[in-house]
Amino acid sequence: MTTIRVVTFNALFGGHDDFGLGAGDRWQGQVAFLKALEADVLALQECNYWDLLGNRRMHQTANALGMSAAYLAYANETTSGHRFHTVIMVSRRVQFAAQGADRERYHHVMGWANLVVPGLEGLLELRNLHLDPFDPRNRAREVSPLGVLAAPGRRSLVVGDINSIGVGFPEPDWTRLPAHVQNGHLLLPREGEVSDRDATDLLARAGFLDASHRFKQEMAATAAFGEGDVPRRQDLILMSPDLAPALVGYEVRLEPVDKELSDHGAVCADFDFSLVA
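A. The environment of Gly-168, seen in detail. Positionally, Gly-168 belongs in the loop between β8 (156-161) and α4 (179-182). Linking Gly-168 and His-213, residues 45 residues apart in sequence, is a C-alpha distance of 8.2 Å. Those residues in contact with Gly-168, other than ones at most four positions away along the chain, are Glu-218 and Met-219.

Below, the structure written as structure tokens:
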């Protein structure tokens, strides 16, 4: 069987209350939910404090999910003292060929991995993003080096919490947001009160394709369901053109939102790599 499932999910402070320091009831619910998804490649964001005691929480999660290997990308410290680490996990059907992280260009961190996957000759290149939530200009800078991954011959996936609206999602009513957080979502004042979409538009212009579009799910919101927030699609699975023929399934799962496990849903895409020439 050459079909694998790729899942991206923002765990909201690593599934623990008190910004990651408190009780882990949400983590337990997240583990039960994610295990049922049977992901082969799992990209997680906001894995706060998963690095402590030798990456203990990361290994606890990987073991609970039955994953074979995991890699934690250590994040920069924010102005409030958080480190929003990202994690890539793989099932026993997938192997790491290489892994690493880039903190220099990123507000948080970009974790990356080259993966050996069933049915694909050569490597699958994966980038796990959690872009700057506050500065649209910085988000554009963060994604600028990724355009080369869409070049002919590259089999690559760019996934994660982009913190920018995906291509095709309708313009939200930003007046619902308090004024002090609107700057993280809108163009500069002189450019109009509309969404900043530079990061996703740059990736689309480079050639990346959004997995939601083939299944007419571009209007499905994935995050920001809290009171007073504006639901939007910002958790994305983007694929290089050479990888697009392998896409056979896509869905947004909102159980984590419905059960108050996170303010994000999980996004899943299925790929049959035997369809890639």
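Following the structure, the description resumes.
B. Seen up close, the pairing of strand β4 (residues 86-90). Of all five residues that make up β4, five are buried, and the element is covered over most of its length. Alternating residues of β4 divide into Thr-86, Ile-88 and Val-90 and Val-87 and Met-89, and every residue in both groups is buried. Of the pairings in the sheet, the one linking strand β2 (residues 41-45) to β4 comprises four bridges and is antiparallel in character. Across the sheet, Leu-44 pairs through a bridge with Val-87, a residue of β4. Where strand β3 (residues 69-73) and β4 come together, five bridges link them in antiparallel fashion. When the bridges of β4 are listed, Leu-72 appears paired with Val-87.

C. Summary view of the state of the cysteines. Inspection of the entire model under this criterion finds zero disulfides. Cysteine Cys-268 is unpaired, with the sulfur of Cys-47 as its nearest cysteine sulfur at 16 Å.

D. Quick peek at the packing of aromatic side chains. Summed over the entire model, instances satisfying the criterion amount to four aromatic pairs. Between Phe-13 and Phe-19, the ring centres sit 5.2 Å apart and the planes meet at 85°, which makes this aromatic pair edge-to-face. When its relative accessible area of 17% is taken as the criterion, Phe-13 is described as buried. Pairing Phe-271 with Phe-273 gives two aromatic rings, centres 5.9 Å apart and planes at 5°, and the pair type is stacked. Every member of this aromatic cluster is reached through a ring pair, and the members are Phe-13, Phe-19 and Phe-84.

Cut-offs applied
Starting from 1, residues in each chain are numbered consecutively following that chain's sequence as written. Since the coordinates come from a predicted model, pLDDT governs what is reported: local features require at least 70, and pairs of side-chain atoms require 80 or more to be given and counted, while whole-chain, interface and lining totals use all residues. The side-chain quantities take in all heavy atoms of the structure and omit both hydrogens and water. Under the scheme used here, helices are H or I runs from DSSP no shorter than 4 residues and strands are E runs no shorter than 2 residues, and both carry numbers assigned from the N terminus. Only heavy atoms matter for contacts: two residues are in contact if any of them lie within 4.5 Å across the pair. Burial status follows relative accessibility: with a 1.4 Å probe on protein chains alone, a residue under 20% of its type maximum counts as buried, one over 50% as exposed, and anything between as partly exposed. Pairing between strands is defined by DSSP: at least two bridges between them are needed. By convention in this document, the label disulfide applies to cysteine sulfur atom pairs within 2.5 Å. When the centres of two rings from Phe, Tyr and Trp lie within 6.5 Å, Trp using its six-membered ring, the rings pair. Their planes under 30 degrees apart give stacked, over 60 give edge-to-face, and anything left gives tilted.

Shape descriptors only; they carry no functional weight alone.
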